[in-house]
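Structure at a glance
Next come the chains, spelled out residue by residue.
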Amino acid sequence: MLFKLSLDKLSQTATISFYMDDLLSWLDQGATIITPTTRLAQEIHHFYLQSWSKPRPAPTCVSYTTFIRDIYHTHYTAQNKACFYVLSAHHRRFIWRNILQKSIPQNLNVSLIKEIDETWRHAQQWLIDFNHPDFLLTTQTAQYQQWVQAFTHQLHQINALTFEQMIEHVLAIQNPRLPKQLIWYGFDELTPLQTLLHQFLLKHHTYSWQATPPASQSSTWQCMTKDEYTEREALLVWLKDLRHQGIQPINVVIPDLTQQFAGLKRWFSQHFKEAEFTFFHAQPLDTYPLVAHALHYLKLSKHTLSHHKVNLLVSSPYIKHADVEFLARAEFLQHHALMESPFISFVHLVQELTMHAPLLAEVLQNLTAYPAYASINEWVTLFLERLEQLGFPGEQAFSSVQYQIYQRLQTVFNEFQSLHFLTSKLSFKEAIATLENLIQTTLFQPQTLQTPIQIMSLSEANNGFGQAMWVMNMTDDNVPRKLKPLTFIPFSLQKKYGMPYALIEQELIQAQNMLKRFASFNQQCVFSYAKLTAEKLNLPSPLIRHLPNFIPKPGHKSLQPALETYQETYQYPLTDQKTTKGGTRLLANQAMCPFKAFAAHRLHLSKPKPPIDGLSFAKRGQLMHKAMELIWRTLPNQAALNALSASAITALITQIIERVLAPFKAQKILTDTLYEVEAARLSRLMHAAIIWEKTRPPFKIKALEAQSVIDVGALQLNVRLDRLDVCLTTGKYLIIDYKSTLPTTMPWREIRPKEPQLLLYALLDNRIETLLFAELNAGSFTPKGLCNHGNIDTDITSIKKDENWANLRDTWQQSLTKLAHEFKAGVCRPEPTQSTLCQSCEFKSLCRITT
Ligand code: SF4
């Protein structure tokens, strides 16, 4: 180990330039190192202990925050004095929240509270005087001044300090206990408050140096690529090459990592094994599913739940018996009629679950309701009890990452409890909002084992050691940072005191220092940028334009996957099933697109129905069918209809409507208003139908909602006929199929009939010579059909002169048989008869067709 710089020989200057060996040597000589972040302190610890072959005592390397807290508490403990309560970030935000709640309740949100608090911390670090007259120049800064007064008043009342105020107390200590030699490591430049601390240390005979990296020893390049895709390709080749050479650790720096995180994570997973890379990217705790579900449970109301909340609850894997009842719960979500409502009563949900997922129903049934008000300590107990009642976190085994998330959530409850001295009683709404706020503002990154590739943002990368580093997106937009002054501090003061994001010269220096550090701590550095991002032309950062060009190597062989040829037959024959679920819909789907029929009737897939206010489209169709069935069960023929007066018909219709809507009223699926709307709709439709029925030639009802099994080719289909009439003049049969919407094209002459049901029924009996679709929609009745020559029903077109009914029936028989054979043979090509069918198809993402 070379001792390049001995601390004893150093004069007490403000900054020192050093090499990594120096850092180790200083720690070995007993110096204390302070760093801006805990992660950097841990990294140096790790680096130190790894650099010696024999075990050594742990070095003194701590974060700046820990260092200050130690001095403060050591002093007050030695003096046996009661010290102030030092507030955590959560305490501060809780106080800010209460202040803002009174001032701007309508605009209150997590990011505003965060911004207000950050501004306070910056103002303290830069010694901003809140009484400065410039605060009165804008509404925002004047408003902020008042908030600060309320905040400091509150601190006095509870005898508490913020971290920055604690530093001021440290500076007033007369005989502090301080280390002899102190190195500020990783600080670009000191804030005014830190400079005061530095001077305080010097005054008390502590050698205090700010360590800056030496001039670069590494190879640095710039790499321009055509677009983002080629930038990633170049990075990939470089990474594979270094991995091949056994070089590690390798740092990959992404300035806008937050925006790119999800996509990049997927991209790295595609090219590297999980043990090869780590993302240093802390995310809000509520973005982890385990925590999001816990929060959802705690917010659960025993009154009414939204469709989304029920979905989340029933599908949650973190609830008791989730594994045992997995299928039953999934079925419930997919098929239960309750899931068509946008809002579901808790009691009704539990009732229905009792039949379908009884274990979940029991858990929900036993949930304890919350009181209206409680203290924070009581809320913690109530919340933990609620989680326990639900069996959170479930029975599944935890991975290491899940376990850490779970542990962090438990810590959040401790932090929540620590707010008890700031408030007395809270309503449920206030308590859950406070807890949620705490969770949302807690950034968390699970710890993983050291990996060869480390991906991080610019702020995380600031002091990272490594063998090699690749920094992406080095455009002039990203480096140096754009000016972004603080909203609540007068801009004049921000410029005067050189606060972050206020002066372009300062941002430039900061960026230069950053690049210098990157080059010093890594043996090779590549700074890349894409010339074109989406439609935007990029320029390189001015700080890399002088660097030599990096020429990416030709693609690594592992990047060139061998092409595989795969022959898709699109044919999976049915084996011995003859009867198949689906009825005539099966043939309709096969006619529209073989894959659609395969997905719906072989794979039995269906999309969950979206929740809807009132009754779903399908339910309304069923109601209409039921109402029409009941009226013709009461009136056996047209004569019976004609014998009724107008008021008797209205009375009959009203009675039928009450009967069909009664179950929905009983189950509270329809509110009073929706009931009225639905009843009026049915009444209009039935009256419109009656008018048409009276104009027809005399008829009698032969069958209503008749079920039968029809053999079609290789299949047996279960079908249900809406209505079969006999014309009393001709003795011929007429089939009626009620529809909410008429088909856009009639099936009579289609090669692949998309609405085959009437054609199929026509094959049942050769006396059937009229086929009719009857549209009941928007208060009107619209019939459309086809009949044999000589049929005297109105509104129905006759077959053409050169057509023959028997021949037509043969053609229908052949086309339907062909469809049935196709289905039986398992023909499942994604081949719609019209491309427009794909627009509303629920299997678009499954068949992967590009239209
Ligand atoms: S999206 Fe088009 S091709 Fe795909 S299954 Fe639906 S109809 Fe067929």
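Look above for the structure.
As a starting point, this report considers the structure included with it. (Residues numbered from 1 in each chain as written. Predicted model: local features only at pLDDT ≥ 70, side-chain atom pairs only at ≥ 80, totals over all residues. Heavy atoms only, no water.)

Description of the overall build of the protein
Scanning the protein from terminus to terminus reveals 30 helices and 27 strands. For 851 residues, the compact-globule estimate of 2.2 N^0.38 gives 29 Å, and the C-alpha radius of gyration of the protein, at 38 Å, exceeds that figure by more than 25%. By its C-alpha atoms, the protein is 120 × 65 × 55 Å across when sized along the principal axes. Across the 851 residues that make up the protein, the buried fraction comes to 49%. Across the protein, every contact between residues at least 6 apart in sequence was considered, and the portion connecting residues at least 24 apart equals 73%. With an accessible surface of roughly 42100 Å², the protein has 54% of that area assigned to carbon and sulfur atoms. (Helix = DSSP H or I, 4+ residues; strand = E, 2+ residues; numbered from the N terminus. Rg over C-alpha atoms; globule rule 2.2 N^0.38 Å. Buried < 20%, exposed > 50% of the residue type's maximum accessible area, 1.4 Å probe, protein only. Contact = heavy atoms within 4.5 Å. Areas by Shrake-Rupley, 256 points an atom, 1.4 Å probe, with all protein chains shown as cover.)

A few points about the nonpolar core
The biggest cluster of nonpolar side chains holds 84 residues, and the ones touching the most others in it are Trp96, Tyr144, Leu349, Leu364, Phe383 and Phe416. Setting aside residues up to four positions removed in sequence, Leu349 forms contacts with Leu305, Val310, Leu313, Phe332, Leu338, Ile344 and Leu364. Leu615, Leu682, Trp692 and Leu704 belong to the second largest nonpolar core, which has 40 residues in total. (Core = buried A, V, L, I, M, F, W, Y, C linked by side-chain atoms within 4.5 Å.)

Considering unusual backbone geometry
With an omega dihedral of 0 degrees, the bond running from Gln248 to Pro249 counts as a cis peptide bond. In this structure, the amide linkage connecting Phe392 to the following residue, Pro393, adopts the cis form with an omega of 5 degrees. For Pro393, the location among the structural elements is in the loop between α16 (376-389) and α17 (400-417). If you check the backbone angles, His321 has positive phi at about 60 degrees while not being a glycine. By the element assignment, His321 lies in the loop between α12 (307-315) and α13 (326-335). Phi is positive for His604, which is not a glycine, with a value near 55 degrees. In this structure, His604 sits in the loop between α23 (594-602) and α24 (617-634). Here His604 falls in the exposed class, since its relative accessible area comes to 52%.

Things to note about empty space enclosed by the protein
Over the atoms rolls a probe the size of a water molecule, and in doing so it shows where empty space is left. Within this structure, the stated rule accounts for five cavities of 30 Å³ or more. There is about 110 Å³ of room inside the largest cavity. Taken together, Cys593, Phe595, Lys596, Pro830, Pro832, Leu837, Cys838, Cys841, Phe843, Lys844, Cys847 and Ile849 make up the full set of residues lining the largest cavity. For the lining of the largest cavity, the elements supplying multiple residues, two or more each, are α23 and α30 (844-847). Considered class by class, the residues forming the lining of the largest cavity number 10 nonpolar, no polar and two charged. (1 Å grid on protein atoms, 1.4 Å probe; cavity = no way out; pocket = protein on both sides within 12 Å on 5 of 7 lines; lining within 4 Å. Points joined across faces, edges and corners; volume = space filled by probe spheres on them. Nonpolar A, V, L, I, M, F, W, Y, C, P; charged D, E, K, R; others polar.)

Quick word on the packing of aromatic side chains
Both the distance between ring centres and the angle between the ring planes are used here to describe each pair of aromatic rings. Under the defined criterion, the tally for this structure stands at 41 aromatic pairs. Relative to Phe383, the ring of Tyr370 lies with its centre 5.7 Å away and its plane at 85 degrees, an arrangement referred to as edge-to-face. Of this pair, Tyr370 sits in the loop between α15 (358-365) and β14 (373-375) while Phe383 sits in helix α16, placing them 13 residues apart in sequence. Both residues of the pair, Tyr370 and Phe383, count as buried. (Phe/Tyr/Trp six-rings, centres within 6.5 Å; stacked < 30°, edge-to-face > 60°.)

Observations concerning the side chain of Thr162
Locating Thr162 in the fold gives a position in the loop between β5 (160-161) and α7 (163-171). The residues contacting Thr162, other than those within four sequence positions of it, are Val86, Arg92, Trp120, Phe151 and Leu155.

A word on helix α21 (residues 504-521)
Here α21 contains 18 residues, and its C-alpha end-to-end distance of 26 Å stays within 8% of the 26 Å for a straight helix at 1.5 Å per residue. Listed as buried for α21 are Gln506, Glu507, Gln510, Ala511, Met514, Leu515, Arg517, Phe518, Ala519, Ser520 and Phe521. (Expected span 1.5 Å × (residues − 1).)

A look at the pattern of salt bridges
If you walk through the whole model with that rule in mind, you get 27 salt bridges. Across the pair Arg752 and Glu822 runs a salt bridge, and its minimum N-O distance is 2.9 Å. Of this pair, Arg752 sits in the loop between β24 (733-739) and α28 (757-762) while Glu822 sits in helix α29 (residues 805-824), and the two are 70 residues apart along the sequence. Judged by its relative accessible area of 21%, Arg752 falls in the partly exposed class. Among the residues examined, Glu822 registers a relative accessible area of 11% and is labelled buried. Arg829 serves as the salt-bridge partner of Glu831, at 3.2 Å between the closest nitrogen and oxygen. (Salt bridge = Lys/Arg side-chain N within 4 Å of Asp/Glu carboxyl O.)

Examining the site of the ligand
Every residue close to the ligand is listed here: Cys593, Phe595, Lys596, Pro830, Pro832, Cys838, Cys841, Lys844, Cys847 and Ile849. Spatially, the ligand is embedded in the largest cavity. Residue assignment for the shell around the ligand shows that the elements contributing at least two residues are α23 and α30. Taken together, the residues of the shell around the ligand sort by class into eight nonpolar, no polar and two charged. (Near = heavy atom within 4 Å. Sits in = over half its atoms within 2 Å of the grid points.)

Comments concerning the packing of α12 against α13
How two helices sit against one another is set out by the angle between their axes and by the gap between those axes. Orientation of α12 relative to α13, taken along the N-to-C sense of each, is 160 degrees, at an axis distance of 9 Å. As the angle between them shows, α12 and α13 are arranged roughly antiparallel. Where α12 crosses over α13, the handedness of that crossing is left-handed. Contacts between α12 and α13 pair Val310, Asn311, Val314 and Ser315 from the former with Arg329, Phe332 and Leu333 from the latter. Split by residue class, the contact of α12 with α13 holds four nonpolar, two polar and one charged. (Axes fitted to C-alpha atoms, helices over the stretch in contact; angles between N-to-C directions. Parallel < 35°, antiparallel > 145°, perpendicular 65-115°, else oblique. Left-handed = near helix turned anticlockwise from the far one by under 90°.)

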